[in-house]
Amino acid sequence: MSNLNKALALINTFATGDAAKASELLDENYIQHNLAYGTGRNAFVESVKFLASAPVKTTVDNIRAFEDGDKVFLQTVYNFAGAGEQVAFDVFRFNEAGKIAEHWDNLAKKAPQNPSGRTQIDGPTEIKDLDKTEANRELVKNFLFDVMQGNHPEKTPEYFEGDVYLQHNTGIADSLSGLGAAS
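In this report, we go over the structure that sits alongside the text. Small disclaimer: the values here were computed from a predicted structure and weren't measured. (Residues numbered from 1 in each chain as written. Predicted model: local features only at pLDDT ≥ 70, side-chain atom pairs only at ≥ 80, totals over all residues. Heavy atoms only, no water.)

Turning to the nonpolar core, a few remarks are in order. Leu10, Phe14, Phe44, Phe92 and Ile100 are the most contacted members of the largest nonpolar core, which totals 25 residues. Those elements that place two or more of their residues in this core are α1 (3-16), α2 (19-25), β1 (26-32), α3 (41-53), β3 (71-79) and β4 (85-94). Here the element with the most residues in this core is α1; it accounts for seven residues. In this structure, Phe44 is in contact with Leu10, Thr13, Phe14, Ala22, Leu26, Tyr30 and Gln32, ignoring residues within four places of it in sequence. (Core = buried A, V, L, I, M, F, W, Y, C linked by side-chain atoms within 4.5 Å. Buried < 20%, exposed > 50% of the residue type's maximum accessible area, 1.4 Å probe, protein only. Helix = DSSP H or I, 4+ residues; strand = E, 2+ residues; numbered from the N terminus. Contact = heavy atoms within 4.5 Å.)

Laid out in structure tokens, this is it:
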């Protein structure tokens, strides 16, 4: 089973209640970076059991799944025990034994379309142009340094084709002008 399939199987234990499967997939010393949950395999397994006992079944709808080296990245819509839909971005790190060793996430309430009609989850779901992976890594690294960290904000236009920019933030419109209006 690939690491990507293991990560998908793990998040699906929230819906299935399969605590044995969760235990099988996680390293004993699993590190959880979501402060709402405890760290360690047992803490995760107990959360699966708790959700399985809830009167409203948890739902899990995976939107995107990507694997890169020892990391798996998922975008998923969860509804934990009927608490309302949340869009999550999960990152899992796998150890040498193929066990899930670490997890980070970001959860946001599922929101209506943004001013440009986009949602948190629409857009492509398949990887294209794999031959450009390393060049794209470098581009993103430089963008983060130059623009997001404020080291060379004057370079911002160099990272875009004119005013073309598709935005999935729920409160910001497409285009660089839309991004600028939100700043």
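That covers the picture; the talk isn't over yet.
Taken together, the side chains of Val140, Leu144 and Met148 present a nonpolar region at the surface, about 290 Å² in accessible area. Note on placement: Val140 falls in helix α4 (residues 133-148). (Patch = residues over 30% accessible without salt bridge, like charges linked within 9 Å, V, L, I, M, F, W, Y side chains within 5 Å. Areas by Shrake-Rupley, 256 points an atom, 1.4 Å probe, with all protein chains shown as cover. Salt bridge = Lys/Arg side-chain N within 4 Å of Asp/Glu carboxyl O.)

Here the focus is the pattern of salt bridges. Using the criterion set out here, one finds ten salt bridges in the structure. Where Asp174 meets Arg118, a salt bridge forms, and the shortest distance between an N and an O atom there is 2.8 Å. Here Asp174, found in the loop between α4 and α5 (176-182), pairs with Arg118, found in the loop between β5 (100-109) and α4; they are 56 residues apart in sequence, far enough to count as distant. The class of Asp174 is buried, set by a relative accessible area of 16%. A salt bridge links Glu138 to Lys141; the nearest nitrogen and oxygen atoms lie 3.7 Å apart. Separated by three residues within a single helix, Glu138 and Lys141 lie in helix α4, roughly one turn from each other. Taken together, the shared-partner salt bridges connect Asp68, Glu134 and Arg137 into one network.

So, about empty space enclosed by the protein. If you walk through the whole model with that rule in mind, you get one cavity of 30 Å³ or more. As a volume, the largest cavity reaches approximately 140 Å³. Residue lining of the largest cavity: 16 residues in total, with Phe14, Tyr37, Asp90, His103 and Asp105 positioned closest to the centre. Every element with two or more residues in the lining of the largest cavity is listed here: α1, β1, α3, β4 and β5. Of the residues belonging to the lining of the largest cavity, the class tally is ten nonpolar, four polar and two charged. (1 Å grid on protein atoms, 1.4 Å probe; cavity = no way out; pocket = protein on both sides within 12 Å on 5 of 7 lines; lining within 4 Å. Points joined across faces, edges and corners; volume = space filled by probe spheres on them. Nonpolar A, V, L, I, M, F, W, Y, C, P; charged D, E, K, R; others polar.)

A word on the packing of aromatic side chains. Taken as a whole and assessed by the stated rule, the structure comprises nine aromatic pairs. Ring plane angle 35 degrees and centroid distance 5.2 Å describe the contact between Phe14 and Phe44, whose orientation is recorded as tilted. Here Phe14 is found in helix α1, whereas its partner Phe44 is found in helix α3, with 30 residues between them in sequence. For the residue pair Phe14 and Phe44, the accessibility class agrees, reading buried in each case. Centroid distance Phe73 to Phe89: 6.5 Å. Interplanar angle 25 degrees. Geometry classified as stacked. Placement of the pair is Phe73 in strand β3 and Phe89 in strand β4, with a sequence separation of 16 residues. Phe73 gets classed as partly exposed once you look at its relative accessible area, which sits at 25%. Residue Phe89 is classed as partly exposed on the basis of its relative accessible area, which comes to 45%. (Phe/Tyr/Trp six-rings, centres within 6.5 Å; stacked < 30°, edge-to-face > 60°.)

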